[in-house]
Amino acid sequence: MLVSINPATGREIARYDLHDAAEVERRVARAAEAFQRFRNTPLEARRAGLSRLAEVLDDRADALGRLATDEMGKPLTQAVAEVHKCAAACRYYADHGETLLAPRPAKHLPDGARAYVVHQPLGPILAVMPWNFPFWQVVRFLAPALLLGNVGLLKHASNVTGCALALEAAVADAGFAEGVFQTLLIEAKTVAGVIADPRVAGATVTGSEGAGRSVGGAAGKALKPSVLELGGSDAFVVLDDADVEHAAAVAAKARCQNNGQSCIAAKRFIAVDAVYDAFAEALVREMEALRVGNPMDAETYIGPIARQDLRDEIADQVKRAVDEGAALLTGGTMPDRTGFFYAPTVLGDVREGTVAFDEEIFGPVASVVRATDDADAVRLANATRFGLGGSVWTRDVARGERVALQLECGSAFVNAMVASHPAVPFGGVKDSGYGRELAAEGLFAFANAKTVWVAG
Ligand code: NAP
């Protein structure tokens, strides 16, 4: 049984029966059959399908947004924006699909030879997805998969089944054939068996390291490609010439967007000595100004944490951080109201080797770290096993780029918070995973890059 609970009220919304082994078999068989037809549909038809899907998502943005807010607690304004972002990704692949998939002539060949590379689909891909962006995480896998001609099987997080089914319906309503995108209502323990099925061609997971190890391990065992999009502990590096007030205003949002539950949220705020105090003070002010409340309310910036156990884990991490010597500059409490809320929190004087530096805190908790200079800031930014994103704040853009290039992460931003966009690849290094989503890299994650060589 899968149960959806509204984290703002603690009340159950719906429950769903799990698919039994026979139903999983039916769906995998349907995916394999659908692939044989879908791979041969003209690219034009797949692009048109993505354009229609973009329209369906835009039309349903409000209803889908409400569903996400009900199931996982993000503010409605952010949930609706997420659905529109999904539509934009579908449009990106529809609009640029022909260019992205154009055969690529090979260079530097022997005289007289001609060769080119085409990208062809592999088959049904299993996507294991998290609840934090219940539509975006799925669509950023699905849109390029559909453009290429792969078909998708989704195992969504067990608390957002309503979102999974609503997305399945949207894809069908956009005119994609039966079997092209299906949800499997299964538990995590069933995932490895699906990956091992010879009809399944690959697996992608967005989630925790544990899920990554398990899905990556199962794919490796079955000799299938995988993409792992895992946790992060992004550094937000504030150099001595930064506009500190502006940086702090963005910092609060970069930390607390999506109720602080984003893999690419800034988590460690590394400020050099000269601006450390001013930045910490401004950040506290900005965090205290963020409105916590009913996520359906348009004024709310921070809603509840998605599940009670996750909220309790944040409280435990903050307690351990303070025990280890971090200064509690604001927050550190559970607001006295129904639902799984946690107050925006700032921890100061956070040191390497402590919870607030080493662990990913998946909620509205900022760790502020002191660096002596640029080189020390880079050293601290990289002193983590994660490597998803990072940002640098400075009035000197060239200096910012120099620092950005030294960050060990998949996306480094200068004077902007880390974000994903369909035109640029997204993913991590180190324990944040491997492989990329979005842009051409995401399109080719599950592709046969086939060489065609024609003798001269
Ligand atoms: P999670 O507990 O790992 O769940 C993610 C998905 O993996 C769910 O569908 C879950 O199913 C499934 N799962 C969990 N353990 C599994 C296992 N051993 N084998 C197969 N499947 C398994 O993660 P979460 O708490 O939902 O999400 C938060 C984490 O995701 C954070 O670490 C965050 O940084 C990361 N994240 C990364 C990115 C990125 O792009 N890199 C984006 C968003 C989030 P059940 O729900 O049934 O357990």
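Quantities reported herein were computed from a predicted structural model and do not represent experimental measurements.

**Description of empty space enclosed by the protein**
Overall, the coordinates contain six cavities of 30 Å³ or more when judged by the stated rule. Reported here for the largest cavity is a volume of approximately 110 Å³. Lining of the largest cavity is provided by 15 residues; of these, Phe-141, Pro-144, Gly-442, Ala-445 and Phe-446 occupy positions nearest its centre. Those elements that place two or more of their residues in the lining of the largest cavity are helix H5 (136–148) and helix H15 (439–443).

**What to know about helix H1 (residues 21–38)**
End to end, H1 covers 25 Å across 18 residues, agreeing with the expected 26 Å (1.5 Å per residue, within 8%). Among all positions in H1, only Glu-23, Val-24, Arg-27, Val-28, Ala-29, Ala-31, Ala-32, Ala-34, Phe-35 and Phe-38 are buried.

**Digging into the sheet that holds strand S14 (residues 365–371)**
Consider a sheet: its strands pair through backbone hydrogen bonds, and that pairing is either parallel or antiparallel. One open sheet accounts for seven strands, arranged S12-S13-S14-S11-S10-S15-S16; its pairing is mixed. Both outer strands of the open sheet, strand S12 (327–330) and strand S16 (411–414), are each paired with one neighbouring strand and no more. This sheet shows a mean twist of 25° between the axes of neighbouring strands, independent of strand direction. The sheet strands contacting helix H10 (residues 273–289) are strand S10 (234–238), strand S11 (266–272), S12, strand S13 (345–348) and S14, and the helix crosses S14 at an angle near 170°. Sheet strands in contact with helix H14 (residues 397–406) are strand S15 (389–393) and S16, and its direction is about 165° off that of S16.

**With respect to the site of the ligand**
Lining the immediate environment of the ligand, one finds 28 residues, of which Trp-131, Arg-140, Ser-208, Leu-230 and Glu-360 sit closest. Note that an oxygen atom of the ligand is positioned 3.3 Å from one of the backbone N or O atoms of Gly-207. Protein contacts shield 85% of the accessible area of the ligand, which totals 900 Å² for the unbound molecule. Structurally, the ligand is housed in the largest pocket. Per element, the largest residue contribution to the shell around the ligand is three residues, and it comes from helix H8 (residues 209–221). Broken down by class, the residue content of the shell around the ligand amounts to 14 nonpolar, ten polar and four charged. Shared between two domains, the shell around the ligand takes at least three residues from each, and those domains are domain 1 (2–231 + 430–454) and domain 2 (234–385 + 389–414).

**Describing the domain arrangement of the chain**
The domain architecture assigned to the chain consists of domain 1 (2–231 + 430–454) and domain 2 (234–385 + 389–414). One C-alpha centre belongs to domain 1, the other to domain 2, and the line joining them spans 30 Å. Counting residues at the interface gives 26 residues for domain 1 and 29 residues for domain 2. Interface of domain 1 and domain 2: buried area, both sides summed, is about 2,100 Å²; carbon and sulfur atoms make up 55% of it. When residues of domain 1 are sorted by the area they lose upon contact with domain 2, Pro-7, Trp-131 and Lys-430 head the list and together hold 25% of the total. At the surface where domain 1 touches domain 2, the tally comes to three salt bridges. For Arg-385, the salt bridge goes to Glu-209, with nearest N and O atoms at 2.4 Å. Counting across the interface, domain 1 meets domain 2 through 13 residue pairs in polar contact (both at pLDDT 80 or more). Among the secondary structure elements, those contributing two or more residues to the side of domain 1 that touches domain 2 are helix H3 (61–72) and helix H4 (76–100). No other element matches the four residues that H3 contributes to the side of domain 1 that touches domain 2.

**Some remarks on the packing of H4 against H5**
At their nearest, the axes of H4 and H5 sit 9 Å apart, and the two run at 15° to each other. By the angle between their axes, H4 is roughly parallel relative to H5. Here H4 runs over H5; the crossing is right-handed. Facing Glu-82, Lys-85, Cys-86, Ala-89, Cys-90, Tyr-93 and Gly-97 of H4, the residues of H5 in contact are Trp-136, Val-139, Ala-143, Pro-144 and Leu-147. Grouping the amino acids of the contact of H4 with H5 by side-chain chemistry returns nine nonpolar, one polar and two charged.

**Digging into the pattern of salt bridges**
Per the counting criterion, the structure on display carries 33 salt bridges. Between Arg-27 and Glu-23 there is a salt bridge, with the nearest N and O atoms lying 2.7 Å from each other. Placement of both Arg-27 and Glu-23 in helix H1 is noted, with a separation of four residues, approximately one turn of the helix. Residue classification places Arg-27 among the buried positions, given a relative accessible area of 14%. Among the ionic pairs, Arg-320 bridges to Asp-316, the shortest N-O distance being 3.1 Å. On the criterion of helical spacing, the pair formed by Arg-320 and Asp-316 is a turn pair, its members being four residues apart in helix H11 (residues 308–323).

**What about the packing of helix H9 (residues 244–256) against H10?**
Relative to each other, H9 and H10 sit at 50°, their axes nearing to 8 Å. In terms of axis orientation, H9 runs oblique to H10. Seen from above, H9 lies across H10 with right-handed handedness. Where H9 abuts H10, its residues Val-244, Glu-245, Ala-247, Ala-248, Ala-249, Ala-251, Ala-252, Arg-255 and Cys-256 lie against Val-275, Ala-278, Phe-279, Ala-282, Leu-283, Arg-285, Glu-286 and Met-287. Classifying every residue of the contact of H9 with H10 by side-chain character gives 13 nonpolar, no polar and four charged.

**A few points about the layout of surface pockets**
Approximately 930 Å³ is the volume found for the largest pocket. For the largest pocket, the lining is made up of 42 residues, of which Pro-130, Trp-131, Gly-207, Ser-208 and Ala-211 are closest to its centre. Of all elements in the fold, only H5, strand S8 (202–206), H8 and H11 reach the threshold of two or more residues within the lining of the largest pocket. The residue makeup of the lining of the largest pocket, split by class, is 20 nonpolar, twelve polar and ten charged. Inspection of the lining of the largest pocket shows a minimum of three residues originating in each of domain 1 (2–231 + 430–454) and domain 2 (234–385 + 389–414). Space inside the second largest pocket adds up to approximately 300 Å³. For the lining of the second largest pocket, the elements supplying multiple residues, two or more each, are H4 and H5. Among the elements that make up the lining of the second largest pocket, the one with the highest residue count is H4 (four residues).

Reading the values: rules and limits
- Residues numbered from 1 in each chain as written.
- Predicted model: local features only at pLDDT ≥ 70, side-chain atom pairs only at ≥ 80, totals over all residues.
- Heavy atoms only, no water.
- 1 Å grid on protein atoms, 1.4 Å probe; cavity = no way out; pocket = protein on both sides within 12 Å on 5 of 7 lines; lining within 4 Å.
- Points joined across faces, edges and corners; volume = space filled by probe spheres on them.
- Helix = DSSP H or I, 4+ residues; strand = E, 2+ residues; numbered from the N terminus.
- Expected span 1.5 Å × (residues − 1).
- Buried < 20%, exposed > 50% of the residue type's maximum accessible area, 1.4 Å probe, protein only.
- Pairing = 2+ DSSP bridges.
- Axes fitted to C-alpha atoms, helices over the stretch in contact; angles between N-to-C directions.
- Contact = heavy atoms within 4.5 Å.
- Near = heavy atom within 4 Å.
- Polar contact = N/O pair within 3.5 Å; in protein donor to acceptor, adjacent residues only side chain to side chain.
- Areas by Shrake-Rupley, 256 points an atom, 1.4 Å probe, with all protein chains shown as cover.
- Sits in = over half its atoms within 2 Å of the grid points.
- Nonpolar A, V, L, I, M, F, W, Y, C, P; charged D, E, K, R; others polar.
- Domains from an automatic or database assignment.
- Buried area = accessible area lost by both parts, 1.4 Å probe.
- Salt bridge = Lys/Arg side-chain N within 4 Å of Asp/Glu carboxyl O.
- Parallel < 35°, antiparallel > 145°, perpendicular 65-115°, else oblique.
- Left-handed = near helix turned anticlockwise from the far one by under 90°.

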